[in-house]
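In case you want the letters, here they are:
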Amino acid sequence: MNRLLSNLVGAFVEAWQEVRIHKTRVMLSLIGVAVAVCAITTVVGLGAVAQQATLEQSERQSGRPASVQVYASTFDGSAPAPEVMKEVWQTALERYEITYASRVTPTSQMVQFADGAASVATTGVDVPYGTMHRVKMSEGSWFTDADTARLAPAVLVNSIFYDRIGRPDLATHPTTTLLGDRDTTAVITGVFPAQGWEQEPAMYLLTDSLTALAAPVTAAPTDAMSAVNYFGPPTYELWVPPELADPIIAALQRDVSAALGDGATADVYRTDYASWTGGEDPYLSLKLLVGGVAGLVLLLGALGLVNIALVTLKQRIREIGIRRSFGATAGRVFFSVMMESVVATVAAGIVGVIAAVLIVKNPWIEGLIGQGQVTDFPAFPVEAAIIGLVSATAVGALAGLVPALVAVRVKVIDAIRY
Amino acid sequence: MTLDSSADETGPQPLLELTEVTRTVQLIDAPPLTILSGVTLSVSVGDRVSIVGRSGSGKTTLLNLLGLLDNPTTGELLFDGRPARSFSGAERDRVRGRDVGFIFQQFNLLQGRTALENVMTPLLYAEGRQFWQRSRIASEMLDRVGLGHRLQALPDRLSGGEQQRVAIARSLVRGPRLILADEPTGALDLETGEAVMDLIDDVARASGAALVTITHDPAIAARATRHLRLDHGVLQADAETAALARGTTRELTAGRAT
């Protein structure tokens, strides 16, 4: 044990001395390795950010894993009575202790702007929707339970809407007028960024506020064009732990169908991306391509290392002979020469990884890759750093193998006289 | 012919014992070349042996055999009573590191390493206290050879005499029982050579190690207590050097008497 430890430390000391003495040569030969490690680590790290961006994008649209939607209809194609559905919904949520659930009602609402009234895409939601769909607010905040008790309903608008009303300070409680049979003044409490493809104003209202607005008009949606605030039945969404998704789907299917009775049917299904992508990485091919190029760079760097190590070994034969005459075993010489390469490449690897962290965590790059779609920037992935360091070590060991084998074959007597 | 270290058969076990050792090398398209033939030699702790001989007489080959760097073609070499052939490769290296110290003609310092790092080198292959306290032990050794103030000097900044002192410190730092000096003054001027030999003699005497010096300089050889000559691969007692040594002793005695 003692011998093993002193051998290990001793080999490391020798290797470090060698690297220190030939630092210029070593540094030159290691640039390739450092660049390659940096590239590999950066690819993995940026991949994680890009993946997070796609993931959040998907989650905003179709919910986080596992999002489950309940769709109920009667056999004649109409929706079950809202009161009945509300009752069924509440019972189900309580029975299965579901915290994250929201009714989602897409509709449109006429809003009075300074330059005239316009129809605004409106979504009625419940408070948990914000978390369930990762809605990112650029100003203000998402609905809270307190908003349900407001007399003037709270409304969250997109940036296009906000621009159109002249971007008033939210601290001044700006209001907007929702047109209907009876105009309603709503308070804007938050602004969310418009998606890249959106060009029209949009807003969120709490379902109950929306229902209260709409109540007088739903009875007479005679003309589709003039329907200021017609909306259909809401869809019902749940966010449950992925491993519980299947049992909950089965239970809801059974319960809702039973509660609605004959003549109606319930469809319960998952909507989130994880249920249809099968967890595949959309960036896999890109990652493989860049990773492959980085691998080639690493290989070239390693070849440079082997080349230089072999050339300098010629000059070191005498030194190896001297070391052998002072008690260095063949194994020790092998290990020391190998370690030189490993110590050097690990140092290059650390530099490469640090450079990669600086690149990936650079705010400008984060903005470019995230495209404003990422709320939770992932921390620099540990696996990226590990992959970088492991590949550096592996290259060092491989590049050290050839010179180490040559070094062991050195004949002590000839080496000293060399 | 037996060149025993001591006539007393009951004395301590010799450190090195060579019996009828030959060393031949195979040549391509030529009969094997005999470098050493029938060498019989015994070296015990505390011995001072000098071996003189012309270039090509086999001196270095003999030194390599004594230092466990090479194996005899025939005959037997016992190191500490154990046949050299029975050592495994790693064992041989470890025994050499622990018990043998080499001093080379060309110093053979490791370039780019400081004097201290050079002296620490053999300790890198040691274990326990010698390994973990290598820096302190090496500094003390350099201090002992008078280079305590040049610990951080690189070999190319040292004079020839200083370089050989570093080499001496390096060969003795692990406290070997056998010091093998191959032309230790060959690259030094007369005066520096004398000083270096004084130092080697002193430290060898202080540590009780056996000292085998290979040289072609009769004056250096005369410092030993046993004088051998290698001639065409045959080792024999060297009456000439012995006489010179006696003469030197007489001169010294006469010098002291006057």
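Thresholds applied
Residues numbered from 1 in each chain as written. Chains lettered and ligands numbered in written order. Predicted model: local features only at pLDDT ≥ 70, side-chain atom pairs only at ≥ 80, totals over all residues. Heavy atoms only, no water. Salt bridge = Lys/Arg side-chain N within 4 Å of Asp/Glu carboxyl O. Helix = DSSP H or I, 4+ residues; strand = E, 2+ residues; numbered from the N terminus. Buried < 20%, exposed > 50% of the residue type's maximum accessible area, 1.4 Å probe, protein only. Contact = heavy atoms within 4.5 Å. Buried area = accessible area lost by both parts, 1.4 Å probe. Nonpolar A, V, L, I, M, F, W, Y, C, P; charged D, E, K, R; others polar.

**Description of the pattern of salt bridges**
Piece 1. Tallying each qualifying case throughout the model produces 28 salt bridges over all chains.
Piece 2. Residue Glu 117 of chain B pairs with Arg 20 of chain A through a salt bridge whose shortest N-O separation is 2.8 Å. Of this pair, Glu 117 of chain B sits in helix α3 (residues 115-120) while Arg 20 of chain A is found in helix α1 (residues 2-21), placing the two residues in two different chains.
Piece 3. Judged by relative accessible area, which is 12%, Glu 117 of chain B ranks as buried.
Piece 4. Arg 20 of chain A gets classed as partly exposed once you look at its relative accessible area, which sits at 31%.
Piece 5. Between Arg 95 of chain A and Asp 255 of chain A there is a salt bridge, with the nearest N and O atoms lying 2.6 Å from each other. Here Arg 95 of chain A is found in helix α3 (residues 82-95), whereas its partner Asp 255 of chain A is found in helix α7 (residues 245-260), with 160 residues between them in sequence.
Piece 6. You can call Arg 95 of chain A exposed: its relative accessible area is 51%.

**Re the interface of chain A and chain B**
Piece 1. Taken residue by residue, the interface counts 28 residues in chain A and 32 residues in chain B.
Piece 2. Summing both partners gives a buried area of about 2700 Å² for chain A against chain B, and 57% of it is carried by carbon and sulfur.
Piece 3. Considering only the side of chain A, the residues that lose the most area to chain B are Arg 3, Phe 326 and Ile 413 of chain A, jointly responsible for 25% of the buried surface there.
Piece 4. For Arg 113 of chain B, the salt bridge identified is with Glu 319 of chain A, shortest N-O distance 3.3 Å.
Piece 5. Broken down by element, the residue count for the side of chain A that touches chain B peaks at 12 residues, all from α1 of chain A.
Piece 6. Residue classes in the side of chain A that touches chain B are distributed as 11 nonpolar, 7 polar and 10 charged.

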